[in-house]
2 protein chains.
Amino acid sequence: MALKRSEIRIVQARAERMLGEAGIVLTAEERAGIEVAGFGLDDLEEQGLELITYINTDRYCAKDLILFPRQTCPEHLHPPVGGDPGKMETFRCRTGQVFLYLDSLPDGPENSAEDIQAVIPERSRHYYTVFREVVLNPGEQYTIAPGTKHWFQAGPQGAVVSEFSSTSRDEFDIFTDPNIVRMPLIDEDE
Amino acid sequence: MALKRSEIRIVQARAERMLGEAGIVLTAEERAGIEVAGFGLDDLEEQGLELITYINTDRYCAKDLILFPRQTCPEHLHPPVGGDPGKMETFRCRTGQVFLYLDSLPDGPENSAEDIQAVIPERSRHYYTVFREVVLNPGEQYTIAPGTKHWFQAGPQGAVVSEFSSTSRDEFDIFTDPNIVRMPLIDEDE
Ligand SMILES: [Zn+2]
Ligand SMILES: [Zn+2]
């Protein structure tokens, strides 16, 4: 399902407010370009992500991600693309709290949906399959190896998260939920 | 000349204060690890740089740089290293103001030391040779191609600058001033 342009503007303003509270300054052009990812799921507040890409070259990428309270970025992985072994990502929490979930470690305990602090989006419960939990508070970070399934959710206050990574090729991301459409569909209602 | 450990601690505390004013949170371990680069020049306030490296992998790197008022990072370039074409850097100003200097563009005007807003460090005047000026205010950024000579100075309020880049291999940086020693020399006076 497409997001309405009018809805996107409201969501952008809210994301911009959260960036401002984190002390992050954007140019006017960047503010207008805040990306709103609804993943085609028609419930942005529950499963969605707001992001601003500062730079994405063929060598590195840097973004800030904004998550509203309990908003979830759905489970996905970054596959190899051509000669690239797959995107490697470092998430650094700036404000709020983030719950990050990854595959269990080979020699570690098996983690299950019952053990975690995040609230799994009910309608898409079957498409959340990895539960090794990493909690990130402001100043804490975690680096995700290429090919690792992961998803994340903000705590009750929302979160601003810096993402440092190798090149982003979002259109190749593989989501566990086959209903997901990563690239934006926009209904120009204005 | 080596920096004294006691001096480094004072400089770290000052850098940490400026990061805090920019809304940037560090862990205790990161605070203790703020790098103080005096470049062996024995005048850190004039030519020096404080930095915190969040992540440096074989694919990408992210740092925050702290510059005290009018503090200057001396002219240098990032050469090819092995199969790497040389470090590519994006500087994004977070707080304060930064004056960045680069080689003149092939078809552009020739820029000279008289035209610029920065104050060239007097003692090292001969080692500043590129003067194409880029002024960065909060939210503004500039990406430097590999192999480009560059130097930068904070405005009168100092600056915090995020650096997104390909892999950092600081030990290979080529400085115009032959007196510069990039890697830290520390006098453990405590
Ligand atoms: Zn990811
Ligand atoms: Zn540089």
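Residues numbered from 1 in each chain as written. Chains lettered and ligands numbered in written order. Predicted model: local features only at pLDDT ≥ 70, side-chain atom pairs only at ≥ 80, totals over all residues. Heavy atoms only, no water.

Chain A has the name D-lyxose ketol-isomerase in an unreviewed UniProt entry, where Cohnella lupini is given as its organism. Entered under Sequence similarities (unreviewed entry) in the UniProt record, the comment concerning chain A runs "Belongs to the D-lyxose ketol-isomerase family." Regarding chain A, the relevant UniProt record gives this comment under Cofactor (unreviewed entry): "Mn(2+)". (UniProt positions renumbered as here; feature names shortened; annotations may be inferred.)

Engineer: Just to check I follow, could you spell out the overall build of chain A for this structure?
Structural biologist: Looking only at helices and strands, chain A features 2 helices and 11 strands. Taken over C-alpha atoms, the radius of gyration comes to 16 Å for chain A, in line with the 16 Å a tight globule of 190 residues would show. C-alpha atoms of chain A, sized along the principal axes, occupy 50 × 35 × 30 Å. Here chain A holds 190 residues, and the buried ones make up 53% of them. Once local pairs closer than 6 in sequence are excluded, the contacts in chain A between residues at least 24 apart make up 76%. Total accessible area on chain A is roughly 8400 Å²; 51% of this is exposed by carbon and sulfur atoms. Within chain A, one finds 18 positive and 33 negative side-chain charges whose respective centroids are separated by 3 Å. (Helix = DSSP H or I, 4+ residues; strand = E, 2+ residues; numbered from the N terminus. Rg over C-alpha atoms; globule rule 2.2 N^0.38 Å. Buried < 20%, exposed > 50% of the residue type's maximum accessible area, 1.4 Å probe, protein only. Contact = heavy atoms within 4.5 Å. Areas by Shrake-Rupley, 256 points an atom, 1.4 Å probe, with all protein chains shown as cover. Lys, Arg positive; Asp, Glu negative; His and termini not counted. Charge placed at Lys NZ, Arg CZ, Asp CG, Glu CD.)

Engineer: What exactly am I supposed to notice about the coordination of the zinc ion (ligand 1) here?
Structural biologist: Octahedral metal centres with six donors ideally show angles of 90 or 180 degrees, and tetrahedral centres with four donors ideally show 109.5 degrees. Residue and element names in this part refer to chain A. Coordination of the zinc ion (ligand 1) by the protein involves His76 (NE2), His78 (NE2), Glu89 (OE), Glu89 (OE) and His150 (NE2), with metal-donor separations of 2.1 to 2.6 Å. Mapped onto the sequence, the residues coordinating the zinc ion (ligand 1) show the spacing H-x1-H-x10-E-x60-H. One end of the pair, His78, is in the loop between strand E5 (72–77) and strand E6 (89–102); the other, His150, is in strand E9 (residues 150–165), and 72 residues separate them in sequence. By the burial criterion, His78 is buried, and His150 matches it. (Donors = N, O, S within 2.8 Å, 3.2 Å for Na, K, Ca; no water.)

Engineer: Would you explain a negative patch on the surface in this entry?
Structural biologist: All names here are of chain A. Among the surface-exposed residues, Glu7, Asp42, Asp187 and Asp189 lie close enough to one another that they form a single negatively charged patch. You can see Asp187 is positioned in strand E11 (residues 186–187). Classification of Asp187 as partly exposed rests on a relative accessible area of 33%. (Patch = residues over 30% accessible without salt bridge, like charges linked within 9 Å, V, L, I, M, F, W, Y side chains within 5 Å. Salt bridge = Lys/Arg side-chain N within 4 Å of Asp/Glu carboxyl O.)

Engineer: What is the right way to look at the side chain of Arg94 of chain B in this model?
Structural biologist: Looking at where Arg94 of chain B falls in the secondary structure, it is placed in strand E6 (residues 89–102). At 2.7 Å, the side chain of Arg94 of chain B forms a polar contact with the side chain of Ser162 of chain B. When sequence neighbours within four positions are dropped, the list of residues in contact with Arg94 of chain B reads Ile24, Val25, Tyr54 and Asp64 of chain A together with Pro138, Val160, Val161, Ser162 and Phe164 of chain B. (Polar contact = N/O pair within 3.5 Å; in protein donor to acceptor, adjacent residues only side chain to side chain.)

Engineer: Explanation requested: the relation of the copies chain B and chain A in the structure shown.
Structural biologist: For the pair of chain copies, the relating operation is a rotation around an axis with a shift along it. When chain B is fitted to chain A, the residual RMSD is 0.0 Å, and the transformation amounts to a turn of 180° plus an axial shift of 0.0 Å. The transformation relating the two chain copies, once decomposed into turn and shift, fits a two-fold axis. Taken together, the interface assignments show that 100% of the residues at the interface of chain B recur at the interface of chain A, consistent with an identical surface on both copies. (Least-squares fit on C-alpha atoms with pLDDT ≥ 70 in both.)

Engineer: Looking at this structure, how should I read the coordination of the zinc ion (ligand 2)?
Structural biologist: Residues and elements named next belong to chain B. Note on the zinc ion (ligand 2): its protein donors are His76 (NE2), His78 (NE2), Glu89 (OE), Glu89 (OE) and His150 (NE2). The metal-donor distances range over 2.1 to 2.7 Å. By relative accessible area, His78 is classed as buried at 4%. What makes His150 buried here is its relative accessible area of 1%.

Engineer: What exactly am I supposed to notice about the environment of Gly48 of chain B here?
Structural biologist: Residue and element names in this part refer to chain B. Within the secondary structure, Gly48 sits in the loop between strand E2 (35–37) and strand E3 (49–56). Under the relative-accessibility criterion, Gly48 is labelled buried at 0%. A C-alpha to C-alpha distance of 7.7 Å links Gly48 and Pro74, two positions 26 residues apart in sequence. Not counting residues within four places of it along the chain, the set of residues in contact with Gly48 comprises Ala37, Phe39, Leu67, Gln71, Thr72 and Cys73.

Engineer: Can you walk me through the pattern of salt bridges in this structure?
Structural biologist: A side chain with one charge can pair with a side chain of the opposite charge if their charged atoms come near. All names here are of chain A. Here the structure, examined in full by the defined rule, presents 22 salt bridges over all chains. Across the pair Arg9 and Glu190 runs a salt bridge whose closest N-O atoms are separated by 2.7 Å. Of this pair, Arg9 sits in helix H1 (residues 5–21) while Glu190 sits in the segment after E11, placing them 181 residues apart in sequence. The exposure class assigned to Glu190 is exposed, which follows from its relative accessible area of 58%.

Engineer: Help me understand the interface of chain B and chain A in this model?
Structural biologist: On the side of chain A, 32 residues touch chain B, which itself brings 32 residues to the contact. Interface area lost by chain B to chain A is led by Arg59, Tyr60 and Phe164 of chain B, which between them contribute 30%. Seen at the junction of chain B and chain A, the total is 4 salt bridges. Notably, a salt bridge pairs Arg92 of chain A with Glu30 of chain B, separated by 2.7 Å at the nearest N-O pair. At the surface where chain B touches chain A, the tally comes to 14 residue pairs in polar contact (both at pLDDT 80 or more). Put simply, the parts of the chain that give the side of chain B that touches chain A at least two residues each are E3, strand E4 (61–67), E6, strand E8 (141–144) and strand E9 (150–165) of chain B. Per-element accounting of the side of chain B that touches chain A gives the leading share, 4 residues, to E6 of chain B. (Buried area = accessible area lost by both parts, 1.4 Å probe.)

Engineer: Is there a simple way to think about the packing of aromatic side chains in this case?
Structural biologist: To describe a pair of aromatic rings, one takes the distance between the centres and the angle between the planes. Considering all chains together, one arrives at 11 aromatic pairs over all chains under this definition. The interplanar angle of 55° and the centroid separation of 5.5 Å between the aromatic rings of Phe39 of chain A and Phe175 of chain A together place this pair among those described as tilted. With Phe39 of chain A in the loop between strand E2 (35–37) and strand E3 (49–56) and Phe175 of chain A in strand E10 (residues 174–175), this residue pair connects regions lying 136 residues apart in the sequence. Across the pair, exposure class does not vary: Phe39 of chain A and Phe175 of chain A are buried alike. Each residue in the set Tyr54 and Phe164 of chain A together with Tyr54 and Phe164 of chain B is aromatic and connected to the rest through ring pairs, giving one cluster. Lying across the ring of Phe68 of chain A, Arg14 of chain A places its NZ or CZ 3.9 Å from the centre. (Phe/Tyr/Trp six-rings, centres within 6.5 Å; stacked < 30°, edge-to-face > 60°. Lys NZ or Arg CZ within 6 Å of the ring centre and 35° of its normal.)

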